[in-house]
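# Results of the structural survey
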Amino acid sequence: MKKRKVAVYEGHMLSTLKSFTDAVMSIIATIMVLEIPLPKFIGTNHYDFRETSSSLIIFFVSFLVVASYYFQFSKFFGRIKKMSGWQIFAYTIFLMLVSLFPFMTQTDNGSHPAYFTIVYVIYIIVTSRFASLIIKAAYRLNEVKINRHQARKPWDLLAMSVIAIVISSLGYSAYTGIPLLYLPIRSLVTSIVYDED
């Protein structure tokens, strides 16, 4: 039986994939805003903002993570000329994972904030590592040099994730978003502020 050859795509397929990415990321960002609950009216002109404020923090983190992925892959598509069929398949799975961010925004994290924080942090780390593996594989195929910032281990991200989980476990769920905001802000700065060359 003849072994099947893995397809390699260039040109039109990559521009189609980039356009698809633009559409998916735009829809994700829009849907996340719609999932933020309004403050609950509790009588005599008073509102309960707890659920809204926690969803807002999750929205800020999620939006910045999605924006970071978007800019990271915009630069990525500018540096490569081809992708294998398996890399495009993996990238499609990555887009599917990123599409779950609006679900995270609408999840009720008030009853078990520590568990939610652990799941949320693991979800961000797994999605980010998966994105890095796709980028590295495509760069190898295109013989693009990976700079030292892309190759370094994200110990600071892991440290901030642990701090967020500890804060949430101690019952201070309102402050969990502060260390979590570090994750996408650092990634955004790395993606768009500094030159890779």
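Residues numbered from 1 in each chain as written. Predicted model: local features only at pLDDT ≥ 70, side-chain atom pairs only at ≥ 80, totals over all residues. Heavy atoms only, no water.

So, about the packing of aromatic side chains. By the definition in use, this model includes 13 aromatic pairs. Look at F76 and F77: their rings are 5.2 Å apart centre to centre, the planes differ by 65 degrees, and that puts the pair in the edge-to-face class. On the basis of relative accessible area, F76 is assigned to the buried category, the value being 0%. Joined through ring pairs, the aromatic side chains of Y69, F73, F76, F77, Y91, F94 and Y139 make up one cluster. (Phe/Tyr/Trp six-rings, centres within 6.5 Å; stacked < 30°, edge-to-face > 60°. Buried < 20%, exposed > 50% of the residue type's maximum accessible area, 1.4 Å probe, protein only.)

Next up on the list: the confidence of the model for the protein. Mean pLDDT for the protein: 79, with 76% of residues reaching 70 or above. Mean pLDDT across the elements of the protein ranges from a minimum in helix 6 (residues 148-151), with 53, to a maximum in helix 3 (residues 85-98), with 94. (pLDDT = per-residue confidence, 0-100. Helix = DSSP H or I, 4+ residues; strand = E, 2+ residues; numbered from the N terminus.)

The next point concerns the packing of helix 1 (residues 12-34) against helix 3. For the pair helix 1 and helix 3, interaxial distance at closest approach is 10 Å and the crossing angle is 10 degrees. By the criterion of interaxial angle, the relationship of helix 1 to helix 3 is roughly parallel. Taken together, the residues of helix 3 that come into contact with helix 1 (itself represented by M13, L17, F20, T21, V24, M25 and I28) are I88, Y91, F94, L95 and V98. (Axes fitted to C-alpha atoms, helices over the stretch in contact; angles between N-to-C directions. Parallel < 35°, antiparallel > 145°, perpendicular 65-115°, else oblique. Contact = heavy atoms within 4.5 Å.)

A word on unusual backbone geometry. At E143, a residue that is not glycine, the phi angle is positive and equals roughly 55 degrees. Following the sequence through the fold, E143 ends up in the loop between helix 5 (113-142) and helix 6. Residue class for E143 comes out exposed when judged on its relative accessible area of 75%.

On the surface, F71, I185, V189, I192 and V193 cluster together into a nonpolar patch covering about 400 Å² of accessible area. Among the secondary structure elements, V189 is positioned in helix 8 (residues 177-193). (Patch = residues over 30% accessible without salt bridge, like charges linked within 9 Å, V, L, I, M, F, W, Y side chains within 5 Å. Areas by Shrake-Rupley, 256 points an atom, 1.4 Å probe, with all protein chains shown as cover. Salt bridge = Lys/Arg side-chain N within 4 Å of Asp/Glu carboxyl O.)

One side chain can pair with another of opposite charge once the charged atoms of both are near each other. Summed over all chains, the structure comprises one salt bridge. Ionic pairing is found between K18 and D22, a salt bridge with its closest N-O pair at 3.5 Å. Note that K18 and D22 are positioned in helix 1 at a spacing of four residues, about one turn of the helix. Overall, K18 belongs to the partly exposed group, its relative accessible area being 25%.

Right, let's talk about the nonpolar core for a bit. Ranked by size, the top nonpolar core spans 39 residues in total, and within it F76, M83, Y91, F94, F101 and Y120 carry the most contacts. Those elements giving two or more residues to this core turn out to be helix 1, helix 2 (50-79), helix 3, helix 4 (101-106), helix 5 and helix 8. Y120 has contacts with I58, V61, S62, F101, M104 and L180, leaving out every residue within four places of it along the chain. (Core = buried A, V, L, I, M, F, W, Y, C linked by side-chain atoms within 4.5 Å.)

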